Amino acid sequence: MDAKLLEILVCPVCKGPLVFNKAAQELICKADRLAFGIKDGIPVMLESEARQLAADEEV
């Protein structure tokens, strides 16, 4: 994931910062506990496509 792109992208729900999880290829919003997948190098920033993080899942 390009560092410049990561600086620009924010959570579409709360407009908060995102954390890149390289192993899972996801952008994570800690505030909303949502994980946005990255497909073919393109972040899918749709709330309806986001994965809800489990309560025991670390961010």
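A short tour of the structure in this document, coming up. Please read all numbers here as calculations on a predicted model, not as lab measurements.

## Section: the overall build of the chain
1) Next: Looking only at helices and strands, one finds one helix and five strands in the chain.
2) Next: Put simply, the chain runs from its N terminus to its C terminus through helices and strands in the order α-β-β-β-β-β.
3) Next: What you see for the chain is a C-alpha radius of gyration of 10 Å, in line with the 10 Å of a compact globule of 59 residues.
4) Next: Along the first, second and third principal axes, the C-alpha set of the chain runs to 30 × 25 × 20 Å.
5) Next: Expressed as a percentage of its 59 residues, the buried residues of the chain come to 29%.
6) Next: Accessible area of the chain: about 4,100 Å², with a carbon and sulfur share of 55%.
7) Next: Distance between charge centroids for the chain: 4 Å, based on 7 positive and 10 negative side chains.

## Here's the deal with the environment of L53
1) Next: Following the sequence through the fold, L53 ends up in the segment after strand 5 (51–52).
2) Next: Overall, the relative accessible area of 5% leaves L53 in the buried class.
3) Next: In sequence terms L53 and L34 are 19 residues apart; their C-alpha atoms lie 5.7 Å from each other.
4) Next: Dropping the residues within four chain positions of it, L53 is found in contact with I28, R33, L34, A35 and V59.

## Some thoughts on the pairing of strand 3 (residues 34–39)
1) Next: Where strand 2 (residues 26–29) and strand 3 come together, four bridges link them in antiparallel fashion. Across the sheet, residue C29 finds its bridge partner in strand 3, namely L34.
2) Next: Where strand 2 hands over to strand 3, the hairpin turn is made up of four residues, of which R33 adopts a positive phi near 55°.
3) Next: Relative to strand 5, strand 3 is paired through two bridges, and the arrangement is antiparallel. Of the residues in strand 5, the one forming a bridge with L34 is Q52.
4) Next: Judged from the two bridges that link them, strand 3 and strand 4 (residues 42–43) form a sheet pairing that is antiparallel. For I38, the partnering residue across the bridge sits in strand 4 and is P43.
5) Next: Taking the residues that link successive antiparallel strands as the turn, the strand 3-strand 4 hairpin has two residues, and the phi of D40 there is positive, at about 55°.

Rules of the game
Residues numbered from 1 in each chain as written. Predicted model: local features only at pLDDT ≥ 70, side-chain atom pairs only at ≥ 80, totals over all residues. Heavy atoms only, no water. Helix = DSSP H or I, 4+ residues; strand = E, 2+ residues; numbered from the N terminus. Rg over C-alpha atoms; globule rule 2.2 N^0.38 Å. Buried < 20%, exposed > 50% of the residue type's maximum accessible area, 1.4 Å probe, protein only. Areas by Shrake-Rupley, 256 points an atom, 1.4 Å probe, with all protein chains shown as cover. Lys, Arg positive; Asp, Glu negative; His and termini not counted. Charge placed at Lys NZ, Arg CZ, Asp CG, Glu CD. Contact = heavy atoms within 4.5 Å. Pairing = 2+ DSSP bridges.

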